[in-house]
Amino acid sequence: MAYLRNHTILSSTDLDEVRESIGNLISPHHFDVKGKHADLNASFAVAQCDDLSLMHVTFGDVGISVKSPEQDADGLLLFQVTSGAGVFQHAGKEVEFSSDGGLIRDLAAPITGLEDGFGAYVVPLSKKN
């Protein structure tokens, strides 16, 4: 299913382009594809409403390892997972996730994780609001 279909800003099978786009849209992340890079089929869509951004991110049917350092002390990322599953380590805890729910990432803490077939709505938030 193509979420936010009319708001797609990137559709790519190029891992370097995906890394750069995620870094510009959300925050710097290091991604690596587990398995064949040819299976990467990333898509990013963004809908803006005043100061609120609603994004949908998907990587296709691939396994992805992700690592992101500590960043904005004020920032949060709210994820509503739409496909896939995985596990990540964040703020001293290991958290499993799937399309049955969501999760919140505090950008003040580094994160490492493994995702398989991942897709999610992402909403950047501020701790101050």
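None of these values were measured; they are calculated from a predicted model. (Residues numbered from 1 in each chain as written. Predicted model: local features only at pLDDT ≥ 70, side-chain atom pairs only at ≥ 80, totals over all residues. Heavy atoms only, no water.)

Novice: Help me understand the overall build of the protein in this model?
Specialist: For the protein, the count of helices and strands is one helix and nine strands. When the elements of the protein are put in sequence order from the N terminus, they spell out β-α-β-β-β-β-β-β-β-β. Compactness check: the protein gives a C-alpha radius of gyration of 14 Å against a globular reference of 14 Å for 129 residues, within 12% of the reference. Summarising its shape, the C-alpha atoms of the protein cover approximately 40 × 35 × 30 Å along the three principal directions. Buried residues in the protein amount to 41% of all 129 residues. When contacts within the protein are restricted to residue pairs at least 6 apart in sequence, long-range pairs at least 24 apart make up 69% of them. Within the structure as shown, the protein displays about 7,200 Å² of accessible surface, and the carbon and sulfur contribution to it stands at 50%. A gap of 3 Å separates the mean positions of the 9 positive and 18 negative side-chain charges of the protein. (Helix = DSSP H or I, 4+ residues; strand = E, 2+ residues; numbered from the N terminus. Rg over C-alpha atoms; globule rule 2.2 N^0.38 Å. Buried < 20%, exposed > 50% of the residue type's maximum accessible area, 1.4 Å probe, protein only. Contact = heavy atoms within 4.5 Å. Areas by Shrake-Rupley, 256 points an atom, 1.4 Å probe, with all protein chains shown as cover. Lys, Arg positive; Asp, Glu negative; His and termini not counted. Charge placed at Lys NZ, Arg CZ, Asp CG, Glu CD.)

Novice: Please clarify how unusual backbone geometry should be interpreted in this entry.
Specialist: In most cases, non-glycine residues show a negative phi, while peptide bonds are predominantly trans. Non-glycine residue aspartate 50 carries a positive phi angle of around 55°. Classification of aspartate 50 by relative accessible area gives exposed; the value is 71%. The backbone phi angle of alanine 91 is positive, close to 55°, even though this residue is not glycine. Structurally, alanine 91 is set in the loop between strand S6 (75-90) and strand S7 (93-98). A relative accessible area of 55% means that alanine 91 is categorised as exposed.

Novice: Honestly, empty space enclosed by the protein in this entry has me stumped. Any pointers?
Specialist: Where empty space is left becomes clear once a probe the size of a water molecule has been rolled over the atoms. Enumeration over the complete set of coordinates arrives at one cavity of 30 Å³ or more. Estimates place the volume of the largest cavity at around 240 Å³. Lining the largest cavity are 19 residues, with His29, Val66, Phe79, Glu115 and Phe118 positioned closest to its centre. The set of elements that each furnish at least two residues to the lining of the largest cavity consists of S6, strand S8 (102-106) and strand S9 (111-126). It is S9 that provides the largest number of residues to the lining of the largest cavity, a total of five residues. In the lining of the largest cavity, the residues fall into 15 nonpolar, two polar and two charged. (1 Å grid on protein atoms, 1.4 Å probe; cavity = no way out; pocket = protein on both sides within 12 Å on 5 of 7 lines; lining within 4 Å. Points joined across faces, edges and corners; volume = space filled by probe spheres on them. Nonpolar A, V, L, I, M, F, W, Y, C, P; charged D, E, K, R; others polar.)

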